[in-house]
Amino acid sequence: MAGGKGGSSGVSDRVAAVAAWPVQRIFGLLEYPLAAIQRSVGISRMPWIFLLPNLAFFGIFVVVPLFINFAFSFTGGTELFLGNRVYTGTEQYEFLLDCETFGDPTTCREDRFWKGLYNTAIFIFFQVTFLVLFSLITALILNREIRGRGFFRAVFFFPVLLSPVVVALIWKWVLLRDGILNAFLVSIGLDKILFFVSPEWSMFWAVFVSIWAHMGFYTLILLAGLQAIQPDLYEAAEMDGASKERVFWRITLPLLWPNMLVVIVLALIKGVQIFDEVFVLTGGGPGTATQFIVQYIYNTGFTEQVQNFGLASAASVVLGIILFVLTMTQLAATRARDNG
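Everything quoted here is computed from the prediction, not taken from an experiment.

### Thoughts on the packing of aromatic side chains
Both the distance between ring centres and the angle between the ring planes are used here to describe each pair of aromatic rings.
And step 1. Applying the stated criterion to the full structure yields 26 aromatic pairs.
And step 2. Plain terms: the ring middles of Phe123 and Phe292 are 4.9 Å apart, the flat faces sit at 45° to each other, and that makes the pair tilted. Of this pair, Phe123 sits in helix α4 (residues 111-142) while Phe292 sits in the loop between α11 (276-281) and α12 (293-303); the two residues are 169 residues apart in sequence, bridging distant segments of the chain. Phe292 carries the same exposure label as Phe123, and that label is buried.
And step 3. Centroid distance Phe130 to Phe134: 5.8 Å. Interplanar angle 35°. Geometry classified as tilted. Placement of both Phe130 and Phe134 in helix α4 is noted, with a separation of four residues, approximately one turn of the helix.
And step 4. Here the aromatic residues Trp171, Phe195, Trp201, Phe204, Trp205, Phe208 and Trp212 are joined through ring pairs into a cluster of three or more.

In structure tokens, the structure reads:
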């Protein structure tokens, strides 16, 4: 048996050596140009050499389109290339912001933009609130010594690995008139519910599906924060006779707050940018009940018969400003809380 094990180990070592040979050759070939670059720029500048491909990618596909989009927002017409478009100044922004009462989308010239903004505000209020709450509860449960903890962690994280389109299609099949959920309702003697006909049900399921799809990611962040808390603190609190509620409010939550802040900010940004899941699930309907601001930008720039790139660009700039203000407000409130 020992000889068999030794032979098996020897075969494994040879297989590993053969598999590693191409990698070693590639790195060996890269050693010469990298050594020459290091002699040229110095070892202190080598990190920038390794960062250069990512910086170039970020610049080409993020920074440059950002400036192009900003330039488009000051132009009009239907031409695609910036050089062929007509400069209109702030006309697009004036059109978007022309409202008698900003709280009532129907009083605005471009009421669809404000309706999308209004729907987005409702969506992120409920989605971010319940997403953070459910993620925190799930992280607290999964941090305990429960049977099958690894399995349940994988189950909660699995939806994050799915494409948003796949998530939306799965739930759409469940919620259709002849879908699984209505079949269950009929089986227990209830009537079918047309979920995608009612504005209230459509918004509810848009929020629900978004939470279901993304909760695992935020749960993972909070779970990492919980596991970073020193067990000695809980032991000391237990020796002092502190209740579980007091331990949570005085130890767990304050020490978990940096992770909570990350979750809130990321969830807020993701919520404002919601598009693909809801677009596939409800198509923005019924009517414009679940049409959010990103879908308005998409429709204005690409799907309408007259594609208004300038107006879509202006709307995206306004959205970016709103998102920036919300994020800075959240960070400022957090700093004030920590300093206070």
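### Description of the nonpolar core
And step 1. Counting residues in each nonpolar core, the largest one holds 52 residues, and the members touching the most others are Leu96, Phe113, Phe123, Ile293 and Tyr296.
And step 2. At the level of elements, α3 (91-96), α4, α8 (199-227), α10 (244-272), α12 and α13 (309-339) are the ones that each hand at least two residues to this core.
And step 3. With 11 residues, the single largest contributor to this core is α4.
And step 4. Val167, Ala168, Val174 and Ala213 belong to the second largest nonpolar core, which has 11 residues in total.

### Here we look at the domain arrangement of the protein chain
And step 1. On domain assignment, one finds that the protein chain holds domain 1 (15-70) and domain 2 (73-339).
And step 2. Placing the centre of domain 1 and that of domain 2 at their C-alpha centroids yields a distance of 35 Å.

### Concerning the pattern of salt bridges
Close approach of charged atoms allows side chains of opposite charge to pair.
And step 1. This structure, assessed with the given rule, holds four salt bridges.
And step 2. Among the salt bridges present, the one from Arg112 reaches Glu110, with a minimum N-O distance of 2.8 Å.
And step 3. The partly exposed category is assigned to Arg112, whose relative accessible area is 29%.
And step 4. Judged by relative accessible area, which is 6%, Glu110 ranks as buried.
And step 5. Across the salt bridge formed by Glu304 and Arg112, the nearest N and O atoms sit 2.3 Å from each other. One end of the pair, Glu304, is in the loop between α12 and α13; the other, Arg112, is in helix α4, with 192 residues separating them in the sequence.
And step 6. Residues joined in a network through salt bridges with shared partners are Glu110, Arg112 and Glu304.

### Looking at the environment of Glu79
And step 1. Among the structural elements, Glu79 can be located in the loop between β1 (75-76) and β2 (86-87).
And step 2. Distance from Glu79 to Ile297, taken between C-alpha atoms, is 17 Å for residues 218 residues apart in sequence.
And step 3. Once you skip the residues sitting within four places of it in the chain, Glu79 turns out to touch Asn84, Arg85 and Phe309.

### Structural notes on the packing of α4 against α12
And step 1. Where α4 contacts α12, the axes come no closer than 7 Å and their chain directions differ by 150°. For the element pair α4 / α12, the angle class is roughly antiparallel. Along the contact surface, α4 presents Arg112, Phe113, Gly116, Leu117 and Thr120, while α12 presents Ile293, Tyr296 and Thr300.
And step 2. When its residues are assigned to classes, the contact of α4 with α12 shows four nonpolar, three polar and one charged.

### A look at the packing of helix α9 (residues 231-239) against α10
And step 1. Remark: α9 packs on α10, axes separated minimally by 11 Å, with the N-to-C direction vectors making an angle of 170°. Taken together, α9 and α10 sit at an angle that is classed as roughly antiparallel. Only Val247, Ile251, Thr252 and Leu255 of α10 make contact with α9, whose side of the interface consists of Leu233, Tyr234 and Ala237.
And step 2. In terms of residue class, the contact of α9 with α10 is built from six nonpolar, one polar and no charged.

### Here's the deal with a nonpolar patch on the surface
And step 1. A contiguous nonpolar surface patch, about 1100 Å² in accessible area, is contributed by Phe125, Phe126, Phe130, Leu133, Phe134, Ile137, Ile141, Ile146, Phe151, Phe152, Val155 and Phe156.
And step 2. The leading source of residues in the nonpolar patch is α4, at seven residues.
And step 3. With respect to the element layout, Val155 can be found in helix α5 (residues 149-161).

What counts and how
- Residues numbered from 1 in each chain as written.
- Predicted model: local features only at pLDDT ≥ 70, side-chain atom pairs only at ≥ 80, totals over all residues.
- Heavy atoms only, no water.
- Phe/Tyr/Trp six-rings, centres within 6.5 Å; stacked < 30°, edge-to-face > 60°.
- Helix = DSSP H or I, 4+ residues; strand = E, 2+ residues; numbered from the N terminus.
- Buried < 20%, exposed > 50% of the residue type's maximum accessible area, 1.4 Å probe, protein only.
- Core = buried A, V, L, I, M, F, W, Y, C linked by side-chain atoms within 4.5 Å.
- Domains from an automatic or database assignment.
- Salt bridge = Lys/Arg side-chain N within 4 Å of Asp/Glu carboxyl O.
- Contact = heavy atoms within 4.5 Å.
- Axes fitted to C-alpha atoms, helices over the stretch in contact; angles between N-to-C directions.
- Parallel < 35°, antiparallel > 145°, perpendicular 65-115°, else oblique.
- Nonpolar A, V, L, I, M, F, W, Y, C, P; charged D, E, K, R; others polar.
- Patch = residues over 30% accessible without salt bridge, like charges linked within 9 Å, V, L, I, M, F, W, Y side chains within 5 Å.
- Areas by Shrake-Rupley, 256 points an atom, 1.4 Å probe, with all protein chains shown as cover.

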